[in-house]
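What the coordinates show
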Amino acid sequence: MNKIIKSNKDIEQFLDDFVRISLYDEKGNKHYFVFEDKKRNGQWTLMLNEGTETWTIHGKGHTYCDPGEQVLEPTEIVQFIWKNRGSVNNVLRQ
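Every value quoted in this text rests on a predicted model; they were computed, and no experiment measured them.

**Digging into the overall build of the protein chain**
Counting secondary structure elements, the protein chain contains 4 helices and 5 strands. Taken from the N to the C terminus, the helices and strands of the protein chain come in the order α-α-β-β-β-β-β-α-α. Against the 2.2 N^0.38 benchmark of 12 Å for 94 residues, the protein chain shows a C-alpha radius of gyration of 13 Å, consistent with a compact globule. Expressed along its principal axes, the backbone C-alpha trace of the protein chain runs to roughly 30 × 30 × 25 Å. Counting across all 94 residues of the protein chain, residues that qualify as buried make up 38%. The long-range fraction of contacts in the protein chain, counting pairs at least 24 apart against all pairs at least 6 apart in sequence, stands at 36%. If you sum the accessible surface of the protein chain, you get close to 6,200 Å²; carbon and sulfur atoms cover 48% of it. Taken together, the 13 basic and 14 acidic charged side chains of the protein chain have centroids lying 8 Å from each other.

What follows is the structure, encoded as structure tokens:
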């Protein structure tokens, strides 16, 4: 089991370990981590592009699909993970 997120320091560790704990898409050259989007009743995908080290997110559900990936700056990534830590932690506990 990976360490669950209880603080910003835990988020930093999650990001440092992302390549190890995420799945990999060879075609897209991205590491990705999928978790529940409780607000919109769907799922979020957090991605790290291996070539550019760019972080992106994409949301998808039965009633919606974001038009494309949204690029996040480092501070936005931390805020996004903190806001969704319950759903991220549910996946980390599995």
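Moving on from the coordinates now.
**Quick notes on the environment of His58**
Mapped onto the elements of the fold, His58 is located in strand S4 (residues 55-61). A C-alpha to C-alpha distance of 14 Å links His58 and Glu76, two positions 18 residues apart in sequence. Beyond its immediate stretch of four places on either side in the chain, His58 contacts Gln43, Trp44, Thr45, Met47, Cys65, Asp66, Gly68 and Glu69. Within polar-contact distance, the side chain of His58 engages the backbone oxygen of Asp66 at 2.9 Å.

**A short note on the environment of Trp44**
Checked against the element boundaries, Trp44 lands in strand S3 (residues 42-49). With residues up to four places along the chain from it excluded, the contact list for Trp44 reads Phe33, Val34, Phe35, Glu36, Asp37, Ile57, His58, Gly59, Asp66, Phe80 and Asn84. At a separation of 3.5 Å, a polar atom in the side chain of Trp44 contacts the side chain of Asp37.

**Some details on the sheet that holds strand S2 (residues 30-37)**
Reading across the sheet, the 5 strands line up as S1-S2-S3-S4-S5 and stay open at both edges, with antiparallel pairing between neighbours. Whereas interior strands pair on both sides, the edge strands pair on one side only; in this sheet they are strand S1 (23-25) and strand S5 (70-72). Taken pair by pair, the neighbouring strands of this sheet meet at an average axis angle of 35°, ignoring direction. Note: S3 against S4, 7 bridges, orientation antiparallel.

**Quick word on the packing of aromatic side chains**
One pair of aromatic rings is described through two measures. These are the centre distance and the angle between the planes. This structure, assessed with the given rule, holds 7 aromatic pairs. A centroid spacing of 5.8 Å and a plane angle of 75° characterise the contact between Phe14 and Phe18, whose relative ring orientation is edge-to-face. The exposure classification of Phe14 matches that of Phe18, with both residues buried. Where Phe35 meets Phe80, the ring centres are 5.9 Å apart and the plane angle is 55°; that geometry is what we call tilted. One end of the pair, Phe35, is in strand S2; the other, Phe80, is in helix H3 (residues 74-83), and 45 residues separate them in sequence. In this pair, the class of Phe35 matches that of Phe80, namely buried. Through successive ring pairs, a cluster of aromatic residues spans Phe14, Phe18, Phe33, Phe35, Trp44, Trp55 and Phe80. One cation-aromatic arrangement involves Arg85 over Trp82; the distance from NZ or CZ to the ring centre is 3.7 Å.

Definitions and cut-offs
- Residues numbered from 1 in each chain as written.
- Predicted model: local features only at pLDDT ≥ 70, side-chain atom pairs only at ≥ 80, totals over all residues.
- Heavy atoms only, no water.
- Helix = DSSP H or I, 4+ residues; strand = E, 2+ residues; numbered from the N terminus.
- Rg over C-alpha atoms; globule rule 2.2 N^0.38 Å.
- Buried < 20%, exposed > 50% of the residue type's maximum accessible area, 1.4 Å probe, protein only.
- Contact = heavy atoms within 4.5 Å.
- Areas by Shrake-Rupley, 256 points an atom, 1.4 Å probe, with all protein chains shown as cover.
- Lys, Arg positive; Asp, Glu negative; His and termini not counted.
- Charge placed at Lys NZ, Arg CZ, Asp CG, Glu CD.
- Polar contact = N/O pair within 3.5 Å; in protein donor to acceptor, adjacent residues only side chain to side chain.
- Pairing = 2+ DSSP bridges.
- Axes fitted to C-alpha atoms, helices over the stretch in contact; angles between N-to-C directions.
- Phe/Tyr/Trp six-rings, centres within 6.5 Å; stacked < 30°, edge-to-face > 60°.
- Lys NZ or Arg CZ within 6 Å of the ring centre and 35° of its normal.

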